Amino acid sequence: MKRKILLAERQEGICPLDRQRKIYVAGHRGLVGSGLVRRLEKEGFSHILTRTHQELDLTRQKEVEEFFGAERPDYVILAAARVGGIGANSAYPADFIMENLQIQCNVIDAAFKSKVKKLLFLGSSCIYPRECPQPIREESLLCGPLEQTNEAYALAKIAGLRMCSYYNRQYGTDYISVMPCNLYGPGDNFDLESSHVLPALLRKFHEAKVQGNPSVTVWGSGKPLREFMHVDDLAEACLFLMERCQKEEVFNVGTGREISIWDLAQLIGKVTGFSGEICLDNSHPDGTVRKVVDSSRIRALGWEPKIDLEAGIRNTYAWFLECYKKE
Ligand code: GFB
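Values in this document were obtained by computation on a predicted structure and should not be read as measured data.

## Some remarks on the pairing of strand S1 (residues 23-26)
On S1, burial covers both faces: Ile23 and Val25 on one face and Tyr24 and Ala26 on the other are all buried. Between the parallel pair S1 and strand S2 (residues 48-49), the chain is carried across by helix H2 (residues 31-42), and the sense of this crossover is right-handed. Relative to strand S3 (residues 75-78), S1 is paired through four bridges, and the arrangement is parallel. By the bridge assignment for S3, Ala26 is matched with Leu78.

In structure tokens, the structure reads:
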């Protein structure tokens, strides 16, 4: 009976992951990693491997090889990375390139050496050239110069996705890479210096409301367009892709909907209940003007995002308030 179901699924292009096997989520405490663990638990995975940074430093090759040798995971999702918003990316390029290259090289190679069956590598839409045609297709990779504010991070992520492709080519492995648009959700980083715009604004607007401040400052011109997706949609997409038998190795994942930073600020003002003034601070960079990914490759396989931006922001704000209260 079980064999028949598997055969039928294969014919529909579905290659199910065995829920009893070991799946290692690298970076399970981050925004993406924690979303993935929630999704895997919901899907009935009974053997999810995780390690905190204190337990396993992924920048250390020996430690990573020992971990893989001892645990022998069947599947790996590489969501561990040094990440940050435009401020952190501009201020710490050396750390962004070094740590990300180390983590990727160590995890991907250790996975290969311990015969991991399937690996998913997480990148970012900032890997594409700054001036490439929009919506951005996967084919636009490496066809022009990168956005300066996050070049170091983008170079590391490009190396990671190419590394997965090269291992597939040379060794016949099954490694895929996912390039998501700007993400947000529970588990995000709300530190004003290092965070991305959406959590930063949620915090700024909330604090302005409770402290009775008359205005909130938004960095840059407010004009850049961004595509935001809730992390639960991304987690669903990652598992969806790991269970599809297909020949492609790189997939953009986004909602296809764009919003300007100014309109995002208005929306966050509405969600948080802040009614004061919104000021722009042009001393901060805008970064790339527009960055919307073409997700038709994954959509053609039957996946689509479900969480509307306002609903997703409300859900994230509720999570933020819970954590804020505890602190
Ligand atoms: O989210 P964010 O830092 O990342 O900034 P990027 C997006 C836009 O929001 C920029 C503006 O135009 C910022 O100037 N912004 C306005 C703010 N107010 C704020 C604020 O208080 N904090 C922040 N952080 N931004 C990152 C890359 O680019 O996106 C990473 O640096 C990565 O490498 C990530 O790819 C997804 O979209 O500009």
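## Let's talk about the environment of Thr272
On the secondary structure map, Thr272 appears in helix H9 (residues 261-272). Here the alpha-carbon distance between Thr272 and Arg203, two residues 69 residues apart in the chain, equals 9.1 Å. Not counting residues up to four positions away in its chain, the partners in contact with Thr272 are Leu202, Phe205, His206, Lys209 and Tyr317. Of the polar contacts made by the side chain of Thr272, one reaches the backbone oxygen of Gly269; its length is 3.3 Å.

## Examining the packing of aromatic side chains
Taken as a whole and assessed by the stated rule, the structure comprises twelve aromatic pairs. Taking 5.4 Å as the distance between ring centres and 80° as the angle between the ring planes, the aromatic pair formed by Phe112 and Tyr167 counts as edge-to-face. Within this pair, whereas Phe112 is found in helix H5 (residues 93-113), its partner Tyr167 is found in helix H6 (residues 151-171), the two being separated by 55 residues in sequence. For Tyr167, a relative accessible area of 13% puts it in the buried group. The rings of Phe112, Tyr167, Tyr171 and Tyr175 are connected pair by pair, giving a single aromatic cluster. Sitting over the face of the ring of Phe240, Arg244 holds its NZ or CZ atom 3.7 Å from the ring centroid.

## A few points about the nonpolar core
Phe68 and Leu122 are the most contacted members of the largest nonpolar core, which totals 72 residues. With nine residues, the top contributor of residues to this core is helix H8 (residues 231-242). Not counting the four nearest positions on each side in its chain, Leu122 is found in contact with Val32, Leu36, Ile77, Leu78, Ala79, Lys157, Val178, Pro180, Leu234 and Cys238. Counting residues in each nonpolar core, the second largest holds 23 residues, with Leu198, Leu201, Ile259 and Val271 among its members.

## A look at the side chain of Asn89
Looking at the element boundaries, Asn89 is found in helix H4 (residues 86-91). We classify Asn89 as buried; its relative accessible area is 7%. For Asn89, the side chain forms a polar contact with the main-chain oxygen of Gly84, separated by 2.7 Å. Setting aside residues no more than four positions away along its own chain, Asn89 makes contact with Gly84, Phe96, Thr149, Asn150 and Tyr153.

## Quick notes on the sheet that holds strand S10 (residues 250-253)
Across the sheet, which stays open at both edges, the six strands sit in the order S2-S1-S3-S4-S5-S10 with parallel pairing between neighbours. Edge strands, defined here as strands with exactly one partner in the open sheet, are S2 and S10. Helix-sheet contacts for H2 involve S1, S2, S3 and strand S4 (118-122), and the interaxial angle to S1 is about 155°.

## Some details on the site of the ligand
Inspection of the region around the ligand gives 22 residues, with Ile86, Lys204, Arg226, Pro285 and Asp286 positioned closest. Here Ile86 contributes a backbone N or O atom positioned 2.7 Å from an oxygen atom of the ligand. The backbone of Pro285 places a nitrogen or oxygen atom 2.7 Å from an oxygen atom of the ligand. Alone, the ligand offers 710 Å² of accessible surface; in the complex the protein occludes 97% of this. Those elements giving two or more residues to the shell around the ligand turn out to be H4, helix H7 (197-211) and strand S7 (215-219). Broken down by element, the residue count for the shell around the ligand peaks at three residues, all from H7. Of the residues in the shell around the ligand, the class split is ten nonpolar, eight polar and four charged.

About the criteria used
- Residues numbered from 1 in each chain as written.
- Predicted model: local features only at pLDDT ≥ 70, side-chain atom pairs only at ≥ 80, totals over all residues.
- Heavy atoms only, no water.
- Buried < 20%, exposed > 50% of the residue type's maximum accessible area, 1.4 Å probe, protein only.
- Helix = DSSP H or I, 4+ residues; strand = E, 2+ residues; numbered from the N terminus.
- Right-handed = clockwise from strand over helix to strand, strands pointing away.
- Pairing = 2+ DSSP bridges.
- Contact = heavy atoms within 4.5 Å.
- Polar contact = N/O pair within 3.5 Å; in protein donor to acceptor, adjacent residues only side chain to side chain.
- Phe/Tyr/Trp six-rings, centres within 6.5 Å; stacked < 30°, edge-to-face > 60°.
- Lys NZ or Arg CZ within 6 Å of the ring centre and 35° of its normal.
- Core = buried A, V, L, I, M, F, W, Y, C linked by side-chain atoms within 4.5 Å.
- Axes fitted to C-alpha atoms, helices over the stretch in contact; angles between N-to-C directions.
- Near = heavy atom within 4 Å.
- Areas by Shrake-Rupley, 256 points an atom, 1.4 Å probe, with all protein chains shown as cover.
- Nonpolar A, V, L, I, M, F, W, Y, C, P; charged D, E, K, R; others polar.

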